[in-house]
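Working through the structure, step by step
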Amino acid sequence: MRRPTAGYVANISVLFASLPLPERPAAAAGAGFTAIETWWPFDTPTPAGREADDFTAAVRAAGVELVALNLFHTAPGAGESGILSHPGRAAEFHDNLAAVHHLARELGVRLFCAPYGRRLDGISREEQRDTAVARLTEANRTLADVRGRTMLEPLSGVPGFPLRTLRQAAAVIGRVDACTDGGRSTGSSTDRSTGLLADLYHLAANGSDLEADLAAHASLVAHVQIADHPGRHEPGTGTLAVGRHVDTLLRHGYRGRFALEYLPTRPVEAPLGQGVSVCSTGAPGQRLPRDGDVVRSPGP
């Protein structure tokens with residue numbers, strides 16, 4: 001087993017996709033990780049039978065911390081990339097939110113990515129945006145008692161996906177702020193605005209000027225995911241200056257975690273505390289940050 005590494009989070013939905021869900025937390029622990037994140041791990045908005053209990057037991061048995069969790073993404077084969085902005089899915093969203101709240105109480109997870117959803121025919125962008133704002137406002141209030149914070153993530157590779165840049169996602173967050181008085185509507189610091197999930201791979205694939213965009217929006221970034229570009233494999237397999245972008249976030253005050261969400265081409269191992277070279281053809285000498293560089297988020 002690798003020496004446990006603070007700061008880095010294993011996305012078990014991608015790094016250990018070949019394993020059954022109950023085996024993934026233990027696989028992450030065996031690779032040296034002490035923290036994990038996952039996409040919504042069930043096929044339906046509300047887990048069936050003992051699915052939630054079995055997942056909770058697997059995380060506890062592995063001795064890892066669940067740091068981030070996606071809300072319901074899509075039914076198998078539907079390719080919706082989320083239902084947050086889809087007006088006809090209110091009941092499913094509400095039911096899913098209750099299931100998310102249960103997992104938060106059981107496992108202590110605090111960050112929740114809310115997949116926005118594709119553009120819908122016959123529905124205006126404004127109606128989808130307003131639907132998303134209303135549901136994020138609802139989610140932030142529902143999750144306030146577990147100190148939860150929702151996140152919006154720009155995506156690449158999804159035809160018709162409305163959020164491709166941090167600026168576009170931040171504009172939606174601005175409307176959430178307006179609905180909740182900047183997250184102070186209840187006087188609680190936990191009933192606060194949605195944050196940004198900055199996935200370096202997706203942003204690069206969409207043509208983002210990463211240095212400028214990360215610097216401009218760092219104060220809203222609640223979580224960061226890492227994979228190289230092109231290819232979405234391990235840092236060092238492409239041309240993305242991962243280390244430089246991480247340093248930019250740290251310089252601009254980011255104090256959260258760095259999640260590894262790449263498609264593995266070799267056995268997965270957590271980065272060691274002394275730092276891991278991520279040299280690439282575009283940025284020689286770049287590296288993932290050392291443990292000392294990464295400070296746990298003080299929490300929402």
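Located above this text is the structure these notes cover.
In this convention, every chain numbers its residues from 1, walking through the sequence in written order. Whole-chain, interface and lining totals are the exception, using all residues; otherwise, since this is a predicted model, local features are given only for residues with pLDDT of at least 70 and side-chain atom pairs are given and counted only at 80 or more. Note that the side-chain values use all heavy atoms of the structure and ignore hydrogens as well as water.

**Regarding the sheet that holds strand β1 (residues 8–11)**
- At least two DSSP bridges between two strands are needed for those strands to be called paired. Only DSSP runs of H or I with at least four residues qualify as helices, and only runs of E with at least two residues qualify as strands; both kinds are numbered from the N terminus onward. With parallel pairing, 8 strands are arranged side by side around a closed barrel as β1-β2-β3-β4-β5-β6-β7-β8. The mean angle between the axes of side-by-side strands here comes to 30°, regardless of whether they run parallel or antiparallel.
- Sheet topology places strand β5 (residues 149–152) next to strand β6 (residues 195–199); 2 bridges connect them, and they run parallel. Opposite L152, over in β6, you have L196 as the bridge partner.
- Contacts: residue pairs with any heavy atoms within 4.5 Å of one another. Only the contacting stretch of a helix is used when fitting its axis, a line to C-alpha atoms as for every element, and angles between N-to-C directions run 0 to 180 degrees. Packing of helix α9 (residues 242–251) onto the sheet brings it into contact with β7 (221–226) and β8 (258–260), and relative to β7 it is tilted by some 170°.

**A word on the nonpolar core**
- The nonpolar core is taken to be a set of buried Ala, Val, Leu, Ile, Met, Phe, Trp, Tyr and Cys residues, with the residues joined through side-chain atoms within 4.5 Å. Relative accessibility under 20% of the residue-type maximum defines a buried residue, over 50% an exposed one, and the middle range a partly exposed one, all with a 1.4 Å probe and only protein chains included. Of all hydrophobic cores here, the largest spans 75 residues; its most connected members are F16, F33, F55, L152 and F258.
- The leading source of residues in this core is helix α4 (residues 90–107), at 7 residues.
- Sequence-distant contacts of F33, that is, excluding residues within four places in its chain, are made with Y8, V9, A10, L15, A28, V64, L260, V268, E269, A270 and P271.
- In this structure, A68, C113, L197 and A222 belong to the second largest nonpolar core, which totals 10 residues.

**Notes on the pattern of salt bridges**
- Note on definitions: salt bridges are taken to be side-chain nitrogens of Lys or Arg within 4 Å of carboxyl oxygens of Asp or Glu. Taken as a whole, this structure holds 9 salt bridges when the rule is applied.
- R50 is paired through a salt bridge with D53; the nearest N and O atoms lie 3.6 Å apart.
- On the basis of relative accessibility, which here comes to 38%, the residue D53 falls in the partly exposed class.
- Here D145 ties to R105 by a salt bridge, and the two come within 3.6 Å at their closest N and O atoms. With D145 in the loop between α5 (125–142) and β5 and R105 in helix α4, this residue pair connects regions lying 40 residues apart in the sequence.
- When salt bridges that share partners are traced, they join R50, D53 and D54 into one network.

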